[in-house]
Amino acid sequence: MKIYFASDQHFGAPSPELSFPREQKFVQWLDIIKKDADAIFLLGDLFDFWFEYQTVVPKGFVRVLGKLAEIRDAGIPIYFFVGNHDLWMSDYFQKELNIPVYHDNQEFTFNGKTFLIGHGDGKGPGDMGYKRMKKVFTNPFSKWLFRWLHPDIGVKLAQYLSVKNKLISGAEDVKYLGEDNEWLVQYCKRKLATKHYDFFVFGHRHLPLEIELTKETKYINLGDWIGYFTYGVFNGTDFDLKKFEP
Ligand SMILES: [Mn+2]
């Protein structure tokens, strides 16, 4: 059994031109893993910005979208979790690619092992500013307002803000803070207190992490496809974090 996981590609940022080699590398990876993948999980922030209008989606990303279509059409299940950068994804992936889109963490069982899977944003204690912002962003009225901006204005503005605020913001974001300060670790521990899981798999941290919470439970953070090019693979028993080196 081979189940693959990747997250935080942030395609489109910091500019389409600079994002393009990363896109090509990702497509190359998909081409390799499709040979033995039983399923593929994409855990969010595939796009640095995404918005679906009633009849229109943003330009770009055709190689990635085409590759996902090809793999899905070949019968390999793909699961998509929205990240905080593509939380406005609606039903385009479901309708066009036959890929289900999840907006919150989801439990899965593979080969008797239980997983809790998601992007990982806004979970655990703290991060109140972000949680407030997410409420505004996911509010139907703000979404409705944004929809009526012309896309040449709306998408450009969103791209500008997205790149300015977040991506490749330097080293401070990507240091391991220690178990007591990693809020995803805190979140996993809280979840574990109520129920057993074998694996917690998240993205969002842009930092590859493999942490043994207990002897039976591991928390994995997938890193990113900006600087790390890391991915996860579950072989039916164990979960490994690997680096893609073409
Ligand atoms: Mn991200």
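See the structure above.
All of the points below concern the structure found in this document. Just so it is clear, the model here is predicted, and its values are computed rather than measured. (Residues numbered from 1 in each chain as written. Predicted model: local features only at pLDDT ≥ 70, side-chain atom pairs only at ≥ 80, totals over all residues. Heavy atoms only, no water.)

### A look at the sheet that holds strand 8 (residues 208–212)
Okay, so step 1: Pairing in this open sheet of 5 strands is mixed, and the strands run 5-6-7-9-8 from one edge to the other. Each having just a single partner strand, strand 5 (106–110) and strand 8 make up the two edges of the open sheet. Ignoring which end each strand starts from, the neighbouring axes of this sheet average 20 degrees apart.
Okay, so step 2: As paired strands, strand 8 and strand 9 (residues 218–222) are joined by 5 bridges and run antiparallel to one another. Residue pairing in the sheet places Glu212 in a bridge with Lys218 of strand 9. (Pairing = 2+ DSSP bridges. Helix = DSSP H or I, 4+ residues; strand = E, 2+ residues; numbered from the N terminus. Axes fitted to C-alpha atoms, helices over the stretch in contact; angles between N-to-C directions.)

### Focus on the pattern of salt bridges
Okay, so step 1: Under the defined criterion, the tally for this structure stands at 12 salt bridges.
Okay, so step 2: The shortest N-O distance in the salt bridge between Glu107 and Lys195 comes to 2.6 Å. With Glu107 in strand 5 and Lys195 in the loop between helix 7 (183–194) and strand 7 (199–202), this pair connects stretches of sequence that are 88 residues apart.
Okay, so step 3: On the accessibility criterion, Glu107 (39% relative accessible area) is partly exposed. (Salt bridge = Lys/Arg side-chain N within 4 Å of Asp/Glu carboxyl O. Buried < 20%, exposed > 50% of the residue type's maximum accessible area, 1.4 Å probe, protein only.)

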